[in-house]
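Chain by chain, the residues:
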Amino acid sequence: MQVATSELDEIRAIERKWQDRWFGDKIFEPKSAGPKKYFLTTPYPYTSGPQHIGHTRTYNVADIHARFMRMNGHNVLWPMAWHITGTPILAISSCIERRESATIALYKNYVRLYEDDESRVEQIVNSFVDPWNIANYFAEKIAPDFKKMGFSIDWSRQFTTGDLVYNQFIRWQYGKLMELGLIVRGQHPVLFCTIDQNAVGEDDIAGGDVKKISIDDYVGIKFSLDEAYVVTASLRPETVFAVTNLWVAPDATYVKAYVDGETWIVSLESASKLRYQQREVTIIEEFQGTSLLGAHCVSPLGRKIPILPASFVDSDHGTGIVMSVPAHAPYDWAALNDLKQQGSTGLDVDLSSLRSDIEAIQPISLVKIDGYGDFPAAELCERYGVRSQRDDETLSHITNILYREEFYTGILKETAEQFDGRLVRDVKQDIVEFLNSRNAASSIYETSTKGLCRCGGRVVVAIEPGQYFLNYGDPHWKEKAFELLDQLEIVPEIYRAQFVQTFEWLDQRPCVRRRGLGTEFPFSTEHWIIEPLSDSVIYMALYTVIQHIRECDPKRLTPAFFDYIFLGKGHATDVCQQTGLPETVIRAARKDFIYWYPNDHRHTAIAHISNHLSFFLFHHAILFPEPCWPKLVTLNELLVRDGVKMSKSKGNVIPIATVPEVYSADLVRLCLVSIADLNSTVDWREKEVEMVKKRLLRFWHATKRDVEAARPEYNGPLSFASRWILAATKAMVSKTSEAAHQFSYRKYVTEAFFEHLNRVEEYKSMILGGNERRRTLWDVIDIWLRVLAPVVPHIAEELWERMLKSGYISLAEFPLYDDLYAETLPQKGFLDGVISDISNIQAAIKRETESVFIYLPAQWKYTLYAVARGLDDPSIKNIMARAKEDPFLRMYMKEIAHIAPDLAKSLAHEALSADALDFQAESETLLAAKDYMTRKFGKHVHVCAENDNVYDPANRARRALPMKPAIYVE
RNA sequence: GCGGAGGUAGCCAAGUGGUCAACGGCGGUGGGCUCAAGAUCCACUCUCAAAGGAGUUCGCGGGUUCGAAUCCCUCCCUCCGCACCA
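Once that is clear, we can look at the pairing of strand S23 (residues 632–636). The buried count for S23 comes to five of five residues, which makes it a mostly enclosed element. Residues Leu 632, Thr 634 and Asn 636 point to one face of S23 and Val 633 and Leu 635 to the other, with burial holding for every one of them. Of the strand pairs in this sheet, strand S18 (residues 489–491) and S23 are connected by three bridges, and their pairing is parallel. Note on S23: the bridge partner recorded for Ile 490 is Val 633. Bridge count between strand S22 (residues 601–605) and S23: four bridges; the pairing is parallel. By the bridge assignment for S23, His 603 is matched with Thr 634. Handedness of the β-α-β unit built from S22, helix H21 (residues 609–623) and S23 comes out right-handed.

Right, let's get into helix H2 (residues 53–71). A rise of 1.5 Å per residue sets the reference length of H2, with its 19 residues, at 27 Å; its end C-alpha atoms lie 26 Å apart and thus fit the reference within 8%. Along its length, H2 reaches its greatest deviation from straightness, about 25 degrees, at Tyr 59. For H2, a buried count of 18 out of 19 residues is recorded, marking the element as mostly surrounded by other parts of the structure. Looking one or two residues past H2, Gly 73 carries a phi angle of roughly 90 degrees, positive in sign.

This part covers the sheet that holds strand S19 (residues 508–510). Strand order across the open sheet formed by four strands is S4-S3-S17-S19, with antiparallel pairing between neighbours. Taken across any chain shown, the strands that pair with only one partner, and hence form the sheet edges, are strand S4 (198–199) and S19. Pairing analysis gives two bridges linking strand S3 (residues 183–193) to S4, with the strands arranged antiparallel. Directly across from Phe 192, in S4, lies its bridge partner Ala 199.

What follows concerns empty space enclosed by the protein. In this structure the tally under the stated criterion is three cavities of 30 Å³ or more. Estimated volume of the largest cavity: approximately 60 Å³. Lining the largest cavity we find Arg 57, Asn 60, Val 61, Leu 672, Val 673, Ala 676, Asp 677, Leu 678, Phe 743, Tyr 745 and Arg 746. Sort the elements by how many residues they give to the lining of the largest cavity and H2 lands first, with three residues. Across the lining of the largest cavity, the residue classes tally to seven nonpolar, one polar and three charged. Shared between two domains, the lining of the largest cavity holds at least three residues of each, these being domain 1 (22–86 + 131–183 + 479–544 + 597–677) and domain 4 (685–822). Across the lining of the second largest cavity, the residue classes break down as three nonpolar, three polar and two charged.

Here the focus is the nonpolar core. Counting residues in each nonpolar core, the largest one holds 140 residues, and the members touching the most others are Trp 684, Tyr 748 and Met 933. Here Trp 684 is in contact with Ile 53, Leu 639, Val 640, Arg 641, Asp 642, Ile 654, Tyr 663, Val 668, Cys 671, Leu 672, Ile 675 and Val 689, once residues within four sequence places are set aside.

So, about the sheet that holds strand S26 (residues 682–684). Read across the sheet, three strands follow the order S25-S24-S26 without closing on themselves; strand pairing throughout is mixed. Either end of the sheet is taken by a strand with one partner, and the two such strands are strand S25 (644–645) and S26. The pairing of strand S24 (residues 639–641) with S26 spans three bridges and is classified as parallel. Looking at S26, one finds that Arg 641 is bridged to Trp 684. Of the strands in this sheet, S24 and S26 are in contact with helix H23 (residues 665–675), which crosses S26 at around 135 degrees.

Further remarks concern the domain arrangement of chain A. We note that the domain assignment places domain 1 (22–86 + 131–183 + 479–544 + 597–677), domain 2 (187–214 + 448–465), domain 3 (215–447), domain 4 (685–822) and domain 5 (833–969) within chain A. Relative to domain 5, the C-alpha centre of domain 4 lies at a distance of 34 Å. Domain 4 puts seven residues into the contact, and the matching count from domain 5 is five residues. Taken together, the two surfaces of domain 4 and domain 5 that pack against each other cover about 490 Å², and 59% of this comes from carbon and sulfur. Sorting elements by how many residues they give to the side of domain 4 that touches domain 5 places helix H26 (residues 745–766) first, with three residues.

On to the side chain of Arg 641. Structurally, the position occupied by Arg 641 is in strand S24. Look at Arg 641 and you get buried, because its relative accessible area is 13%. Polar side-chain contacts of Arg 641 include one of 3.1 Å to the backbone oxygen of Asn 652. In terms of polar contacts, Arg 641 uses its side chain to reach the side chain of Glu 686, at 3.5 Å.

Scanning all chains against the criterion turns up 66 aromatic pairs. Ring geometry for Phe 482 versus Phe 503: centroids 5.4 Å apart, planes at 70 degrees, classification edge-to-face. Here the residue Phe 482 occupies a position in helix H14 (residues 475–487), and Phe 503 occupies one in helix H15 (residues 496–505), the gap between them amounting to 21 residues. Residue class for Phe 482 comes out partly exposed when judged on its relative accessible area of 23%. Seen from their ring centres, Trp 860 and Tyr 892 are 4.5 Å apart, and the 10 degrees between their planes marks the pair as stacked. Of this pair, Trp 860 sits in helix H30 (residues 859–869) while Tyr 892 sits in the loop between helix H31 (876–885) and helix H32 (893–907); the two residues are 32 residues apart in sequence, bridging distant segments of the chain. In terms of burial, Trp 860 and Tyr 892 fall into one category: buried. Above the face of the Trp 18 ring, Arg 21 is positioned so that its terminal group lies 4.6 Å from the ring centre.

Attention shifts here to the layout of surface pockets. Within this model, the second largest pocket holds a volume of roughly 1200 Å³. For the second largest pocket, the lining is made up of 38 residues, of which Tyr 218, His 317, Tyr 331, Thr 399 and Tyr 403 are closest to its centre. Secondary structure elements with two or more residues in the lining of the second largest pocket: strand S5 (215–225), strand S6 (228–234), strand S13 (321–324), helix H9 (330–340) and helix H12 (392–409). Sort the elements by how many residues they give to the lining of the second largest pocket and H12 lands first, with nine residues. For the lining of the second largest pocket, the residue count by class is 14 nonpolar, 14 polar and ten charged.

About the cut-offs
Residues numbered from 1 in each chain as written. Chains lettered and ligands numbered in written order. Predicted model: local features only at pLDDT ≥ 70, side-chain atom pairs only at ≥ 80, totals over all residues. Heavy atoms only, no water. Buried < 20%, exposed > 50% of the residue type's maximum accessible area, 1.4 Å probe, protein only. Helix = DSSP H or I, 4+ residues; strand = E, 2+ residues; numbered from the N terminus. Pairing = 2+ DSSP bridges. Right-handed = clockwise from strand over helix to strand, strands pointing away. Expected span 1.5 Å × (residues − 1). Bend = angle between axes of the 7 residues up to and from the residue. 1 Å grid on protein atoms, 1.4 Å probe; cavity = no way out; pocket = protein on both sides within 12 Å on 5 of 7 lines; lining within 4 Å. Points joined across faces, edges and corners; volume = space filled by probe spheres on them. Nonpolar A, V, L, I, M, F, W, Y, C, P; charged D, E, K, R; others polar. Domains from an automatic or database assignment. Core = buried A, V, L, I, M, F, W, Y, C linked by side-chain atoms within 4.5 Å. Contact = heavy atoms within 4.5 Å. Axes fitted to C-alpha atoms, helices over the stretch in contact; angles between N-to-C directions. Buried area = accessible area lost by both parts, 1.4 Å probe. Polar contact = N/O pair within 3.5 Å; in protein donor to acceptor, adjacent residues only side chain to side chain. Phe/Tyr/Trp six-rings, centres within 6.5 Å; stacked < 30°, edge-to-face > 60°. Lys NZ or Arg CZ within 6 Å of the ring centre and 35° of its normal.

If you want it as structure tokens, here you go:
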């Protein structure tokens, strides 16, 4: 917001003017007919709040490309709709209902972007207790925001994923998947709120966006104690071979309970959490942890081990009972150490009766890892200076280090009996089976960290019975998906590997949830809602027909109808009879679908590769025939601000709604593509924006002046400078066109905007005025504006109008490349070299000078160069030999011997010979630029030739070489 | 750990076999303009030399090549994804 704004006012007014005209005239709503159709899609926004400049990056790339394609004669359809499915909107709604101040403040700020009246803001936010109001409010506001960016979207095809039409469409999709046997049922652990009695997502968890909670799959290991099992929970079951004792928290409450018919001893908290995991739990008695102390239980391996107290044990984690493996677990080592040096436990427990047990404990070494001895936990505790089990931070840090090291590189020792020599990471499943064979293992889920639901309830792991899954692991489905992927073009191509990776790894995935907005799952009497990532994968197809069916009675939109329009199954007349829909509607929908599908191009952010985009491809592969498969996916990286990720909590988000006030649409559009290529992060920095703004204004003011009058009359000859700028403009057309086809829009704007602006300014300093210049600039601008139009359409449109052009530049034809005057390009390169040499020399001599003499080399030197270039092997020896054969060159053998070494060297550089000029071209260039150079250096510039008997006091002329004339400054 | 991307001058960042001491921007220095500031323009901004020159540079270390920022190998470091979350 540091950007000074007033000088942009004129641009902003222009932007509003053209947006009104474009959308008023509906120029971005294509006819469903004609050659070269181009169907482009981008994600429909999730309407839980306003869009920010980060989202804008994606749409900006899409828009620039859409505009480029349109100007290149394509019939472009780029529609937009609104995603409202899922729990986030619901979560916000319930926060507002609970009058949660942070959420209310946040949403008031959002609404203030659009409303001036504070009482109205209040009223709108209050209405958000109904989630539909949130969805609808932001859907209505994001569209105008996109218009303010000038995005060339067809707004006539909007829908939301909560519309009845959409629900029918999704039911058809899931009906198909069901028929194909791709939906399966199963049990599945989820995060669950104990108050809401519902599954929770990241958005439901307090601080869930910062502190991620995941589900850990623990192995419960049963230790016999009389008729009961003392159950521990471990992520590393192999350590059962090195267990020396168990730890309990003496102050905590434990229970003896029937769990699925067995008697378990676990903490009270654990018992209640187990109930959520489809277990039958009946508590028999409660007691304090102290009463377990000193008991000896029997490990699954038959070892007798004592139960001891430890203060680090959390009764609310796992089962509240910990398997002690002092050799490999830093906490255990520290706790054991505390006990052995009595008094440092920090617990009010009488250890006297446990003394002999404690003394008897010896750590058991189990895992071999490089760089450590038998007891890595001990080594790490010493290295990090752990004093007691209460050094929680250090212990948790070194536990992580050690567990990772042991898990990925550790090898089990003979202590592990039949698992001796196995890699730790490979052995987990076998250990579980081994324990199971002794009825000593049981699966227990626990959250990775403790969390609360926004409603205040505890988040625990629950097992949902009868969850529906999409079976992405189905071999036939996978095969089809890979087939599609092989044909799919991906830009930037580097992301293909991530798709392959995702495709290989995709397996069963839950596709319904207990709550949220969306489409009810059609094959269950229970209440299941198809979740957001599962209902948003083939909606592109709906865009092609929505205008025909929007007004239809949704009940008539049966599977038979969708089968016909999307798959061509059956006959229109039959469908008409079955559904009661007008046959014209059915036929028109089918026709439009056939015209627009496939989705030629989908552009989105890389975050979607491992989910949305892969699902998009999977579903298309199985539901649609090959000709309807997507053709191209392009991707962009994310956007950060001053090196920091934008997020609500950091308060560094720039909403699109503020763009027209703080910046300008064209400015933001230009910045977003000029800062970084698709495959790198855009870092939004005000300084850089400021720089781009200055250039943009410079372009605007200069070009505005250049097109002030009508096209000037000029029929005279064109000077070198004019021919060069025309050729350079055409070369720019060719370079940008190529860049656009490769989606290198950064290159596109660098070439078309920044560099060309410099070139035009240089041209203006080469030729000061007159009709030739005015006329040439006019012709340059005519081409230039059309190249810039996709990026800065508003300014381009305005200047186009001021040039008295008819029609929108947005719909004009992209300029074509031709090579008229192309010979001036190497000449200009030569001139630049000479100018830079003169500058160098001038800078080096540091004294007042008046004149510059440029000496072009003698003709024989050009001959020598031409001869040398013709050699297969231009070595010094060969050059000399060949020169000797030439009667003309033979006269200069002494000089040639001097030049040959450098010549041989420079000929190794292929490029030098490619743009070689002859004497004629070089002298023409220098003479044409003489006045320009004189002005530039403020000195008389003289162009002479080496043989002229010319003024040459320093005897420099003899150093002249082709492409490198001699220079004397006096 | 697996998979992916990347490490380039004070900072950001282009460049993927020779036109590379390496585009561009920021920052810095000097200068023009101005009463002055801002804005703007010009020059310089690795080291040395100072008539267009030389040397040493592109994470570390090796290798291939007439020639490497660019290709190959070892290592070090950073970022992203690894699921039920949009």
